Amino acid sequence: MLPPDTALWNFVEAAVRDVFRAYNFQEIRTPIFEATELFARGVGEETDIVSKEMFTWEDGAKAADYAVYKRWITTRFPGVSAFQQIDPDTAESQSPVPTMSVQLDGKWNFIVFVYRLTAQAVLELKIASEQLDNNKYEFRLVTADPLPDSFRFLVGEVAVITERVSLDISSQLLTLRPENTAGVVRAYIQNKLWDRGLNKLYYIGPQFRRERPQKGRYRQFYQIGAEVIGPPASGSESPARDAEVLEMLATLLDRLGITDWNLELNSVGSSQERVKFNEALRVALAPLKDKMCADCQRRAVTNPLRVLDCKVPEDQPIIEKLPRITDFLEEESRKHFDAVQDILTKTGVRFTLNPRLVRGLDYYTRTAFEFTHGALGAQNAILGGGRYDGLSEALGGPAAPGIGFAIGEDRLVMSLQEKTPAESVLRKPDVYIAPMAGMNADAAKLARELRRHDLVVELGDDSFRKLKKSFEAAEKAGAKYILIVGENEVKSDAFALKNLATGEQISVPRAELAQKIQD
Ligand code: HAM
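Residues numbered from 1 in each chain as written. Predicted model: local features only at pLDDT ≥ 70, side-chain atom pairs only at ≥ 80, totals over all residues. Heavy atoms only, no water.

(A) Local environment of a nonpolar patch on the surface. A cluster of nonpolar side chains, contributed by I32, F33 and W57, occupies part of the molecular surface with about 260 Å² of accessible area. By secondary structure assignment, the location of W57 is in strand 3 (residues 56-59). Assessed through its relative accessible area of 31%, W57 is described here as partly exposed. (Patch = residues over 30% accessible without salt bridge, like charges linked within 9 Å, V, L, I, M, F, W, Y side chains within 5 Å. Areas by Shrake-Rupley, 256 points an atom, 1.4 Å probe, with all protein chains shown as cover. Salt bridge = Lys/Arg side-chain N within 4 Å of Asp/Glu carboxyl O. Helix = DSSP H or I, 4+ residues; strand = E, 2+ residues; numbered from the N terminus. Buried < 20%, exposed > 50% of the residue type's maximum accessible area, 1.4 Å probe, protein only.)

Here it is as structure tokens:
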């Protein structure tokens, strides 16, 4: 992403932050990667995101996992009689890598654990061997890597026994976040955010999904999202929250000048209602699934709701005739959904009911929605969201109903581009300062003064011997004025200021320069 496009992104983000502020949302920043398990449990194993789109890797260096090291030691040395762990995070430790002292047959073993062999780890041993009595201690390096010759030289005189052992048991699976709701709910649980009552949080940042890239669909994309979450007593379950979030989105899109949006709304029911619906789908799909695509055949058994996400054209006539979630809503859910619609109608937010809308993530309950935009073609969902009343509990937290959404920022910018070209929001230099020979310092002083007046100043340098070159640079930068800094100007404290559009040139006293340029 390059300028001037980045100016449009900044324009969008500034508008978004303004709108979020008016609705009293505050920013949360979550990690770019988290434990794979969080997304598997949060988003759902059977979703496309988790089953095929996550960027996941195995990270071996789970630092200082002493339980694992201890288990390894007791298996490897059954005669071990005492342990002493030296934690790299504690103040008394001199060691930046996890080490353990182990008493074995009356002799202490000093053990350094490293998943990947580094010079640092080897040096650690060397330092320890110099400080400790070699007759009482034996030194071991436990690593999954073989010891290369270069390291042999490093450890040369030290009695080190290197052992090539697999530390796989200490590895963990990590994933680049494919979405941010799971991360926000994890943060809610970890930081006991229920103490704050109702949390209204927003985020802007990159997400990652291994999808086939095409217009509007990328493997690294950006989301602008928000979540409203809190204990039930904070009102987090109220339909007023759903309606407020939707009304905020309508306001935001309108404010950005994207007026031809369509809000598609549905209720996917409570988790109990979903169980019944899923069962009805399973029954309905049993005689039909063999005619469907391979993914649907599997989903029809494992998670029938996901069949409704299928985009394969041949499967659509079958999907059209399947039971509808709306027929499975019980009174409470129906009332909740009616209340959301009622507030939307009263506040003047237009919407279309779409009983097929189930969204591609498993955590949704009750209200689910998408905003689409005609200009986007096949990838027409500009944003999506909904309620996730059971997510906190699924991740091991207390009851914390919530609702949120995420806007695809790439798509939002794309819809904007036609009406608002990036050039139109880019702030060009107000003035280009052209120093004559030997005048760089005076020009810098002047630039400093003018920038304090919130002017955009491009500062040239005196290496352009001819003024013509400075004029060319000023025009290329799109500056409104060029300001010439020569010896005479500095002496008289008045500077030649030329309007590049009109060609008018006047001499302006230093004290009046900022005002003149601003006019
Ligand atoms: P989602 O529908 O998976 O929901 O994504 C939200 C939006 O992100 C989509 O509507 C789309 O605009 C954008 N998006 C998704 N994948 C891509 C991609 N590969 N390239 C470009 N844009 C993409 C969620 O992520 C939920 N966490 C939303 C939410 C928040 N629900 C409750 N709270």
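(B) Just the pattern of salt bridges, in detail. Applying the stated rule across the entire model yields 32 salt bridges. Salt-bridge contacts for E423 lead to K428; the nearest nitrogen and oxygen are separated by 3.4 Å. If you follow the salt bridges from partner to partner, you end up with E46, D48, K52, D295, R298 and R299 in one network.

(C) Here's a closer look at the sheet that holds strand 2 (residues 33-35). With respect to topology, three strands assemble into an open sheet ordered 2-9-3, the strand pairing being antiparallel. Both edges of this open sheet fall to strand 2 and strand 3, since each of them pairs with a single strand only. Direction aside, neighbouring strands of the sheet carry axes that sit 35° apart on average. The pairing of strand 3 with strand 9 (residues 172-176) spans four bridges and is classified as antiparallel. Within strand 9, the position partnered with T56 by the bridge is T175. In the packing of helix 2 (residues 36-43) onto the sheet, contacts are made with strand 2, strand 3 and strand 9, and the angle to strand 2 comes to roughly 80°. (Pairing = 2+ DSSP bridges. Axes fitted to C-alpha atoms, helices over the stretch in contact; angles between N-to-C directions. Contact = heavy atoms within 4.5 Å.)

(D) Seen up close, the packing of helix 1 (residues 5-22) against helix 8 (residues 239-255). It is at 10 Å that the axes of helix 1 and helix 8 come closest, and there the two elements cross at 145°. Once helix 1 is placed against helix 8, the crossing between them reads as right-handed. Packed against helix 1, whose contacting residues are A15, V16, D18, V19 and F20, the element helix 8 presents M248, L252 and R255 at the interface. Tallied by class, the residues present in the contact of helix 1 with helix 8 amount to six nonpolar, no polar and two charged. (Left-handed = near helix turned anticlockwise from the far one by under 90°. Nonpolar A, V, L, I, M, F, W, Y, C, P; charged D, E, K, R; others polar.)

(E) Structural view of the layout of surface pockets. In this structure, the second largest pocket encloses a volume near 590 Å³. For the second largest pocket, the lining is made up of 30 residues, of which S270, S271, Q272, T365 and G390 are closest to its centre. Take the lining of the second largest pocket: its biggest share by element is six residues, from helix 9 (residues 271-285). (1 Å grid on protein atoms, 1.4 Å probe; cavity = no way out; pocket = protein on both sides within 12 Å on 5 of 7 lines; lining within 4 Å. Points joined across faces, edges and corners; volume = space filled by probe spheres on them.)

(F) Expanded view of the site of the ligand. E179, E211, Y218, R359 and Y364 are the nearest of the 27 residues found near the ligand. With respect to the ligand, the side chain of Q223 contributes an N or O atom lying 3.1 Å from an oxygen atom. Backbone polar atom of A381 to an oxygen atom of the ligand: 2.9 Å apart, as the coordinates give it. Elements that contribute at least two residues to the shell around the ligand include exactly strand 11 (220-229), strand 15 (381-387) and strand 16 (402-408). Here the shell around the ligand takes six residues from strand 15, the largest share from any one element. For the shell around the ligand, the class distribution of residues is twelve nonpolar, eight polar and seven charged. (Near = heavy atom within 4 Å. Polar contact = N/O pair within 3.5 Å; in protein donor to acceptor, adjacent residues only side chain to side chain.)

(G) Inspection of the state of the cysteines at higher detail. Scanning the model with the defined rule gives zero disulfides in all. A disulfide-free cysteine, C296 has its sulfur positioned 3.6 Å from the sulfur of C293, the nearest such atom. Free cysteine C310: the closest other cysteine sulfur is in C296, separated by 3.6 Å. (Disulfide = S-S within 2.5 Å.)

(H) Structural detail: the packing of aromatic side chains. In total, this model carries ten aromatic pairs according to the counting rule given. A centroid spacing of 5.8 Å and a plane angle of 75° characterise the contact between Y363 and Y388, whose relative ring orientation is edge-to-face. Note that Y363 is positioned in the loop between strand 13 (352-353) and strand 14 (365-373) and Y388 in the loop between strand 15 and helix 13 (391-394), a separation of 25 residues in sequence. Residue Y363 is classed as buried on the basis of its relative accessible area of 7%. Positioned above the aromatic ring of W261 is the side chain of R350, whose terminal nitrogen or guanidinium carbon lies 4.0 Å from the ring centre. (Phe/Tyr/Trp six-rings, centres within 6.5 Å; stacked < 30°, edge-to-face > 60°. Lys NZ or Arg CZ within 6 Å of the ring centre and 35° of its normal.)

(I) Representation of the side chain of R411. Positionally, R411 belongs in helix 14 (residues 409-417). One buried charge, R411, has no salt-bridge partner; the nearest side chain with opposite charge is E211, at 5.7 Å. Engagement of the side chain of R411 in a polar contact is seen with the backbone oxygen of A381, the distance being 2.8 Å. (Lys, Arg positive; Asp, Glu negative; His and termini not counted.)

(J) Structural view of the environment of F139. The residue F139 is located in strand 7 (residues 137-143) in this model. Here the alpha-carbon distance between F139 and S101, two residues 38 residues apart in the chain, equals 9.3 Å.

(K) The sheet that holds strand 18 (residues 457-459), seen in detail. With respect to topology, five strands assemble into an open sheet ordered 18-17-19-20-21, the strand pairing being mixed. For this open sheet the edge positions go to strand 18 and strand 21 (505-509), each flanked by a neighbour on one side alone. The mean angle between the axes of side-by-side strands here comes to 30°, regardless of whether they run parallel or antiparallel. Where strand 19 (residues 481-485) lies against strand 20 (residues 494-499), four bridges are found, and the strand directions are antiparallel. When the bridges of strand 20 are listed, I482 appears paired with K498. Against the sheet, helix 17 (residues 467-477) makes contact with strand 17 (431-435), strand 19 and strand 20, and its axis sits at roughly 150° relative to strand 19, the strand it touches most.

(L) Up close: unusual backbone geometry. Going from P3 to P4, the amide bond is cis rather than trans, its omega being 5°. Along the chain, P4 falls in the segment before helix 1. Its identity is not glycine, yet D454 carries a phi of approximately 65°, on the positive side. Counting through the fold element by element, D454 comes out in the loop between helix 16 (440-451) and strand 18. Exposure remark for D454: the relative accessible area of 56% places this residue in the exposed category. Phi is positive for D493, which is not a glycine, with a value near 60°.

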